[in-house]
Amino acid sequence: MLTQNLGYPRIGNQRQLKKASEQYWAGKIGKDELNAVARKIKEENWQTQLDAGIDLIPCNDFSFYDQVLDTSLLLGVIPQRYSPVLSQVKSNQEIDLYFAMARGYQKDGLDITAMEMTKWLDTNYHYIVPEFTANQEFRIFNEHIFSEYHTAKQQLGEKAKPVLLGPVSYLLQGKEKEQGFERIDLIKKLVPVYVDIINRLRQQGAKWIQLDEPCLVLDLSKKEKEAFDYAYRAISNRVSGIKIVVATYFDALLDNTQLAVSLPVAALHIDLVRAPEQLEEVLALIPDGLQLSLGVVDGRNVWKNDYNKSLALIYKAVEKLGEDRVIISASCSLLHSPIDLDLETAIDPEIKNWMAFAKQKLTEVAELKQIAAGDEDLLSTNQAAIESRRSSQKVHKQAVKDRVAGITEADATRISAFPVRQKLHNDRFQLPFFPTTTIGSFPQTDDIRQLRARFKKGDLTLEQYETAIEQATVETIRWQEEIGLDVLVHGEFERNDMVEYFGEQLDGFLFTKNGWVQSYGSRCVKPPVIYGDVSRPGNMTVRWSEFAAAQTDKPMKGMLTGPVTILQWSFVRDDQPRDVTTNQIAFAIRDEVVALEKAGIGIVQIDEAAIREGLPLRKARHPHYLDWAVKAFRITASGVQDQTQIHTHMCYSEFNNIIEHIAAMDADVITIETSRSQMELLAAFANFEYPNEIGPGVYDIHSPRVPSTEEMASLLAKAADLLPARNLWVNPDCGLKTRKWPETKAALINMVAAAKQARVQISVESVL
Ligand code: GLN
Ligand code: ZN
């Protein structure tokens, strides 16, 4: 039996790569220093994997920015617009071309936009989307993968296994940049380059190569399936003497199982954490000779592996295939895990004993192999930890479980239907048509951040800190009144992050010191860990909303993060279904909504920024997910009286396939991101005849650019063509916390002016 690893985090256990890259971009260190940092991380990573006892250790999984961008450079897929950079940077500065593609290039009189970035399947990791043209050519453009293998081999010998994104997934994860062709048809041109790459690696001495084909777990068209079949047959005809392992992950193969097991390769890797049930079907169909890599250790979460569960899968596979054909592995690349639990000194030891980060997961993979070979002691230590978690009072709170188990339809339904509520809101708030508001946060200046840092360090007392935050809040309220916004916000100055702020105040959450995970490029996130039943020991936001409301006669919006977003941006429990955890959070937030109402807050916004990104990879599972996600939102929103107006906010605008579910959330007002698409994406709402009120963002907050009044007024006119004008709100695309004050002020003044213009120019009754 072999063990393998599919990939390892590359940011360094102290985020060394992040720091070095940012210094390099700022011109503070040179290329040699950057490379030295990278080399050290790689060496340490390889050593860690060697020490853990992994048999097949990945190389070329390191990346300065993103492994998909690496693949584009390897294959010479460089968009035309970078030609000037290409000729300007000397050949030994290819890294500058690479960073130009990732981040854009504004130097030497050039101004070239970056390539697009999007989420890698259902993860929070963002990759750089390959751009293809109709006449796309492929060639080996850079030598990186060969030099990586060369270095790895010196340290790892035959254990070094180069890793590369497979040809079909590479094409599918890219985008056509012109019309008149389908990128999947490029497979015939692409495969010969893969053949050359694999043959060169074999000549260098590689015994194995890993080709990642995560698209095998997606819904595939006939043509896409044929491309898989074609590509791997063509490769196997022209390559010998090297074993290929095709890696799939994040879901089950389902209807692609037959296709996957018949690819003419040495081994297939499957994800048995997300989809343990697929083992049965894979074993039923697997042909003689194919090795099977069992992804039993969770590469996407922070929990200790339950060895008994994994062993059951391993033994089942061994029974059918024999030990020689079984490989043990983590479910996917460990890129998505934090690096080293040993660095966490502040986590409650009882809970820490239930956890494993990337480094510990390597040990788990190796130990599973040892246990399968008869080492029983390892098993009993592991099972003691699993049992401690299963029965701990820190995890299990009966009252929370009972409340979720007892959910009724009434818990998830407002008292009256929207038209009744709308009338009550009109009477209560007396807002003009096209009411103006913002999404919640105002600029988090260095001053505000420093306040929090000083308070955390103990340099400020709670009272000093809160007084300073109050002052910022009051100033922001005064200013909102001055420019004539209709529904005010308090500015969220007391919050570090929209999920962390709530996690810190809820029971069942913990926070790590170094649990960083790469999000994109040098950007890392440190998600909270939900380890136990979630409850709310006390009010979380009431103090701030109450204070803010007392400063003004205008309506003040309370501001909360919704349950699905909190779930989506945390590491979650794996001992109960996600919907159960979400419902627990939903009740906690619901209680906060009710507390705000009791404190006199008439409008409460519950942000659900992440509902859409939680969509499962397979369409067949969308309805189930959307049902529970929408229901969780409704639970948070339905504890209040009709007179209370519930808003929600979403940071995206593609609602085409989910609009009926968005409508089912039944928020009184929804604000969305539409300005960059020039309102086009409002079409989904228009076609659906979306009944409730809606605030399509009229300006893009992701850039410092100040939009003109005319520009925003014309966006409003477009929106009013599509939707009943009396249902429209006027607001930016998202929160303003990343902006600076000068542009924020200028933009909002123009926005209020645009709303005033609309009130005069757009006849509201006529669309009624
Ligand atoms: N209320 C949050 C803010 O304004 C919403 C942020 C978000 O949607 N990402 O910052
Ligand atoms: Zn947003």
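A. The packing of helix H8 (residues 187–204) against helix H9 (residues 222–238), seen in detail. Between H8 and H9, the least distance of the axes is 9 Å, while the angle of their chain directions is 35°. For the pair H8 and H9, the crossing hand works out as right-handed. Of the residues in H9, those in contact with Ile187, Lys188, Val191, Pro192, Tyr194, Val195, Ile198 and Asn199 of H8 are Ala227, Tyr230, Ala231, Ala234, Ile235 and Arg238. Within the contact of H8 with H9, the residues separate by chemical class into 11 nonpolar, one polar and two charged.

B. Spatial organisation of the environment of Ile530. Note on placement: Ile530 falls in strand S18 (residues 529–535). Under the relative-accessibility criterion, Ile530 is labelled buried at 0%. Residues Ile530 and Tyr690 lie 160 residues apart in sequence; the distance between their C-alpha atoms is 35 Å. Those residues within four positions of Ile530 in sequence are excluded, and the remaining contacts are Trp303, Gly508, Phe509, Ser570, Phe571, Val572, Arg573, Thr581 and Ile585.

C. Representation of the pattern of salt bridges. On inspection of all chains with the given rule, the structure shows 48 salt bridges. Between Glu176 and Arg183 there is a salt bridge whose closest N-O contact spans 3.1 Å. For Glu176, a relative accessible area of 28% corresponds to the partly exposed category. Relative accessible area serves as the criterion here: at 19%, Arg183 is assigned to the buried category. We note a salt bridge from Asp229 to Arg233, for which the minimum N-O separation is 3.3 Å.

D. Structural view of the site of ligand 1. Neighbouring ligand 1 are Ile439, Gly440, Ser441, Glu492, Met498, Asp607, Ala609, His649, Cys651, Cys734 and Gly735. Interatomic distance of 2.7 Å between a side-chain N/O atom of Ser441 and an oxygen atom of ligand 1. Across the complex, the protein chains shield 92% of the 300 Å² of accessible surface that ligand 1 would expose by itself. Residue classes in the shell around ligand 1 are distributed as five nonpolar, four polar and two charged.

E. Spatial organisation of the coordination of the zinc ion (ligand 2). Here the zinc ion (ligand 2) is held by His649 (NE2), Cys651 (SG) and Cys734 (SG), and the distances to it run 2.1 to 2.2 Å. Of note, the donors binding the zinc ion (ligand 2) are all from one chain and are spaced H-x1-C-x82-C. Residue His649 is found in strand S21 (residues 645–650), and its partner Cys734 is found in the loop between helix H27 (709–722) and helix H28 (741–761); the two are separated by 85 residues along the sequence. Judged by its relative accessible area of 16%, Cys734 is buried.

F. Molecular detail of the nonpolar core. Among the nonpolar cores identified, the biggest contains 107 residues, and Leu75, Phe138, Tyr170 and Leu292 are the most heavily contacted of them. Sorting elements by how many residues they give to this core places H8 first, with nine residues. The contacts of Leu75, once residues within four sequence positions are left out, are Glu137, Phe138, Arg139, Phe141, Tyr170, Leu190, Val193, Tyr194 and Ile197. Val489, Val604, Val630 and Met650 belong to the second largest nonpolar core, which has 96 residues in total.

G. Summary view of the packing of helix H12 (residues 307–321) against helix H14 (residues 358–372). At their nearest, the axes of H12 and H14 sit 11 Å apart, and the two run at 60° to each other. As judged from the angle between their axes, H12 and H14 are oblique. Viewed along their axes, H12 and H14 form a crossing whose handedness is right-handed. Of the residues in H14, those touching H12 at Tyr307, Ser310, Leu311, Ile314 and Tyr315 are Thr363, Glu364, Glu367, Leu368, Ile371 and Ala372. Residues belonging to the contact of H12 with H14 are distributed by class as follows: seven nonpolar, two polar and two charged.

H. Highlighting the sheet that holds strand S10 (residues 208–212). The eight strands lie next to each other as S1-S14-S13-S12-S11-S10-S8-S2, forming an open sheet whose pairing is parallel. Because the sheet does not close on itself, it has two edges, and the strands there are strand S1 (2–4) and strand S2 (57–59). When the angles between neighbouring strand axes are averaged without regard to direction, this sheet yields 30°. The pairing of strand S12 (residues 267–271) with strand S13 (residues 291–297) spans five bridges and is classified as parallel. Each residue of the ladder has a partner; that of Asp271, found in S13, is Gly295. Packed on one face of the sheet, H12 meets S13 and strand S14 (326–330) and runs near 170° to S13.

I. Region of interest: the sheet that holds strand S23 (residues 693–696). Spatial strand order, S19-S20-S21-S22-S23: five strands in an open sheet with parallel pairing. Two strands in the sheet have a free side with no partner beyond their single neighbour: strand S19 (557–561) and S23. Along the sheet, successive strands turn relative to each other by an average axial angle of 20°, direction set aside. As defined by bridge partners, strand S22 (residues 669–672) adjoins S23 across four bridges and the pair is classed as parallel. Opposite Ile670, over in S23, you have Ile694 as the bridge partner. Where helix H23 (residues 578–598) meets the sheet, its contacts fall on S19, strand S20 (603–607) and S21, and the angle it forms with S19 comes to roughly 170°.

J. Just the packing of aromatic side chains, in detail. The final tally for this structure, using the stated rule, is 17 aromatic pairs. Centre to centre, the rings of Tyr24 and Phe99 are 6.0 Å apart; their planes meet at 45°, and the pair counts as tilted. A residue pair is termed long-range when its members are at least 10 positions apart, and Tyr24 in helix H1 (residues 16–25) and Phe99 in helix H5 (residues 94–103) qualify at 75 residues. For Tyr24, a relative accessible area of 13% gives the class buried. Here Phe655 and Phe685 contribute two aromatic rings whose centre-to-centre distance is 5.0 Å and whose plane-to-plane angle is 70°, an arrangement assigned as edge-to-face. You can see Phe655 sitting in the loop between S21 and helix H25 (659–664) and its partner Phe685 sitting in helix H26 (residues 683–688), a full 30 residues away along the chain. Here the two residues Phe655 and Phe685 agree in accessibility, since each one is buried. One aromatic cluster in this structure is built from Tyr24, Trp25, Tyr65, Tyr98 and Phe99. Above the ring of Phe62, the side-chain terminus of Lys42 is found at 4.9 Å from the ring centroid.

K. Main features of the side chain of Arg183. Relative to the helices and strands, Arg183 resides in the loop between strand S9 (175–176) and H8. One polar contact links the side chain of Arg183 to the main-chain carbonyl oxygen of Leu172, over a distance of 2.8 Å. Here Arg183 is in contact with Phe132, Leu171, Leu172, Gly174, Lys175 and Glu176, once residues within four sequence places are set aside.

L. Here's a closer look at unusual backbone geometry. Its identity as a non-glycine residue notwithstanding, Gln430 has a phi of 50°, on the positive side. Along the chain, Gln430 turns up in the loop between helix H17 (418–429) and helix H18 (446–457). Judged by relative accessible area, Gln430 falls into the exposed class, the value being 61%. Look at Phe434: it is not a glycine, yet its phi comes out positive at around 50°.

M. Quick peek at the pairing of strand S8 (residues 160–165). Extensive coverage of S8 is indicated by the burial of six of its six residues. On S8, burial covers both faces: Ala160, Pro162 and Leu164 on one face and Lys161, Val163 and Leu165 on the other are all buried. As paired strands, S2 and S8 are joined by three bridges and run parallel to one another. Counterpart to Cys59 in the pairing with S8 is Pro162. Direction of pairing for S8 relative to S10: parallel, over a ladder of three bridges. Among the inter-strand pairings, Leu165 is bridged to a residue of S10, identified as Asp212.

About the thresholds
- Residues numbered from 1 in each chain as written.
- Chains lettered and ligands numbered in written order.
- Predicted model: local features only at pLDDT ≥ 70, side-chain atom pairs only at ≥ 80, totals over all residues.
- Heavy atoms only, no water.
- Axes fitted to C-alpha atoms, helices over the stretch in contact; angles between N-to-C directions.
- Helix = DSSP H or I, 4+ residues; strand = E, 2+ residues; numbered from the N terminus.
- Left-handed = near helix turned anticlockwise from the far one by under 90°.
- Contact = heavy atoms within 4.5 Å.
- Nonpolar A, V, L, I, M, F, W, Y, C, P; charged D, E, K, R; others polar.
- Buried < 20%, exposed > 50% of the residue type's maximum accessible area, 1.4 Å probe, protein only.
- Salt bridge = Lys/Arg side-chain N within 4 Å of Asp/Glu carboxyl O.
- Near = heavy atom within 4 Å.
- Polar contact = N/O pair within 3.5 Å; in protein donor to acceptor, adjacent residues only side chain to side chain.
- Areas by Shrake-Rupley, 256 points an atom, 1.4 Å probe, with all protein chains shown as cover.
- Donors = N, O, S within 2.8 Å, 3.2 Å for Na, K, Ca; no water.
- Core = buried A, V, L, I, M, F, W, Y, C linked by side-chain atoms within 4.5 Å.
- Parallel < 35°, antiparallel > 145°, perpendicular 65-115°, else oblique.
- Pairing = 2+ DSSP bridges.
- Phe/Tyr/Trp six-rings, centres within 6.5 Å; stacked < 30°, edge-to-face > 60°.
- Lys NZ or Arg CZ within 6 Å of the ring centre and 35° of its normal.

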